[in-house]
Amino acid sequence: MAAQTVSPVMISYKDLQSEKDLTKLVERAFGYDGLGIVAVHGIPEVGKLREAVFRDGYKFANMPEHVKGKYEHKDSYYSFGWSHGKEKLQGHPDYSKGSYYNNPLCSKPFDDPKLSKEYPSFAGPNLWPSSELPSMEKNFMDMGQLVVKVGIMVARECDRYVKSVCKSYKDFRLSKMIAANKACKARLLHYFPVDAKSTPSRDGKTSGDGFSDWCGWHNDHSSLTGLVCGQFVDTKTGEFISSPDPKAGLYIRSRKGGLFQVRLPQDENISVNNTLLFQIGESSQIHSGGVLQATPHAVRGANVPNVSRESYAVFMQPPYNELMDVPEGCDPKGAQSAQAAKQLPDRVPTLHSRYGNKNCPFTSCNYAAFTDESLAAYY
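Residues numbered from 1 in each chain as written. Predicted model: local features only at pLDDT ≥ 70, side-chain atom pairs only at ≥ 80, totals over all residues. Heavy atoms only, no water.

J.: What am I meant to see in the side chain of S254 here?
T.: With respect to the helices, strands and loops of the structure, S254 is situated in the loop between β12 (249–253) and β13 (259–262). When its relative accessible area of 11% is taken as the criterion, S254 is described as buried. Not counting chain neighbours up to four residues away, the residues in contact with S254 comprise L35, F260 and Q343. (Helix = DSSP H or I, 4+ residues; strand = E, 2+ residues; numbered from the N terminus. Buried < 20%, exposed > 50% of the residue type's maximum accessible area, 1.4 Å probe, protein only. Contact = heavy atoms within 4.5 Å.)

This is the structure:
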């Protein structure tokens, strides 16, 4: 299947700050017929923070294996520190990228050691390579805090849209949760160069349609994901470069089965250095009763030797004990339509397989249990 190149729904940071009515744009982006992604442009702080955190990510990923291994944390499902080859996407171990996870809002969100033991993927303290890369902590935290700041504004517009469609939706539920929860997760990603000899077929017939050699098809299970636009790197020189392969980058599968490559529009006022992307996660899909919709996405590698890619994502999520309920009067089974489930790429778990089962019942499941079900499906 040939992919169609599209631009995300664009929102200016100025309009977002002014609280201008943006519900029509939110509907285009996150409603049933949308691609589940919006871009906020005109954010002046992005460029400097983006360069700093990406240079740290590249440096750490290229350190010796024994150094990186010091910062793995198995007890948290590798949700803190370094992770490489631990995650399974579409049923296979993922060695195409390495990730450094931490909480960008605070290094120790809970003082109770019992919480850290009971909810290790949420409550554990951050893990930093302070002796090998002392700049990472500040750069990682600064970037993440900007993403969350803008994300709260995007969430507020999502709340207004959902309320206009579903009157029983709790007022500003999404934005209040994100603003109050200090245990979110950020992920600094390094995509390793694609080995041309092992690159999967790109004819659309392999697992994942051949578009997922850097990051397999998946849905985010959190509420709202903030993305810093990716950066390609020449691994022979360590220098930042523009994309060497027009087919490399972020792809989205629509609920009707369409395949789309997402690119920023060509505009002198819009660039990777002033723009953040936001995608809806499955928790918002549940809490909105299906008004907001997550979409499966993947990252296609550059079919060029000696090229890596850096990226940074923040998963804004409910508190660990937040009830995973739909608005009053809504059917929880309707959070994911049969059509949307049918169009999921191969081996991407349906929402129904993780929500509404014995471990995560409709009536009593909290976000911690939903997370456990989701992590078990991917690890």
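We are not done yet, so read on.
J.: For this particular structure, what's the right way to read the sheet that holds strand β15 (residues 297–300)?
T.: Backbone-to-backbone hydrogen bonds pair the strands of a sheet. The strands run either parallel or antiparallel. Here 5 strands make up an open sheet; going across it, the order is β1-β13-β12-β15-β9 and the pairing mixed. Looking at which strands have only one partner, the edges of the open sheet turn out to be β1 (4–6) and β9 (215–218). In this sheet, neighbouring strand axes are inclined to one another by 30° on average, regardless of whether the strands run parallel or antiparallel. As defined by bridge partners, β12 adjoins β15 across 4 bridges and the pair is classed as antiparallel. From the neighbouring strand, Y251 faces β15, where its bridge partner is A298. (Pairing = 2+ DSSP bridges. Axes fitted to C-alpha atoms, helices over the stretch in contact; angles between N-to-C directions.)

J.: What's the story with the nonpolar core in this structure? I'm lost.
T.: Within the largest apolar cluster, 57 residues are counted, with the highest numbers of intra-cluster contacts made by F30, V150, V154, L276, F278 and Y312. By residue number, the principal contributor to this core is helix α7 (residues 136–165), which donates 14 residues. In contact with V154, not counting residues within four places along its chain, are L16, F30, V38, V40, L224 and F278. Counting residues in each nonpolar core, the second largest holds 23 residues, with I37, C229, L250 and I252 among its members. (Core = buried A, V, L, I, M, F, W, Y, C linked by side-chain atoms within 4.5 Å.)

J.: Explanation requested: the packing of α7 against helix α8 (residues 173–180) in the structure shown.
T.: For any two helices packed against each other, the geometry is given by the interaxial angle and the distance between the axes. It is the contact of α7 with α8, at a shortest axis distance of 7 Å, that shows an interaxial angle of 160°. One way to sum up the angle between α7 and α8 is to call them roughly antiparallel. Along the contact surface, α7 presents V148, I152, A155, R156, C158 and D159, while α8 presents R173, L174, S175, I178 and A179. When its residues are assigned to classes, the contact of α7 with α8 shows 7 nonpolar, 1 polar and 3 charged. (Parallel < 35°, antiparallel > 145°, perpendicular 65-115°, else oblique. Nonpolar A, V, L, I, M, F, W, Y, C, P; charged D, E, K, R; others polar.)

J.: What should I look at first to understand the pattern of salt bridges in this one?
T.: For side chains bearing opposite charge, pairing can occur when the charged atoms are close. All chains considered together, the criterion is met by 15 salt bridges. R160 is the partner of E157 in a salt bridge, and the nearest nitrogen-oxygen pair spans 2.9 Å. Taken together, the positions of E157 and R160, both in helix α7 and 3 residues apart, correspond to about one turn of that helix. For E157, a relative accessible area of 1% corresponds to the buried category. Residue classification places R160 among the partly exposed positions, given a relative accessible area of 26%. (Salt bridge = Lys/Arg side-chain N within 4 Å of Asp/Glu carboxyl O.)

J.: Could you clarify how one ought to interpret the packing of aromatic side chains in this entry?
T.: Describing an aromatic ring pair means giving the distance of the ring centres and the angle of the ring planes. The full count for this structure, using the stated rule, is 10 aromatic pairs. Note on F60 and Y71: the rings are 6.2 Å apart at their centroids and 65° apart in plane angle, and the pair reads as edge-to-face. Taken together, the residues span a long stretch of sequence, with F60 in helix α3 (residues 46–61) and Y71 in the loop between α4 (65–69) and β4 (81–84) at a distance of 11 residues. Considered together, F60 and Y71 belong to a single accessibility category, that of buried residues. Grouping aromatic residues by their ring pairs yields a cluster made of F60, Y71, W82 and Y100. Taking the ring centre of F240 as reference, the NZ or CZ of R55 above it sits at 4.0 Å. In this arrangement the basic side chain of R253 is found over the ring face of W217, its NZ or CZ atom lying 5.6 Å from the centre. (Phe/Tyr/Trp six-rings, centres within 6.5 Å; stacked < 30°, edge-to-face > 60°. Lys NZ or Arg CZ within 6 Å of the ring centre and 35° of its normal.)

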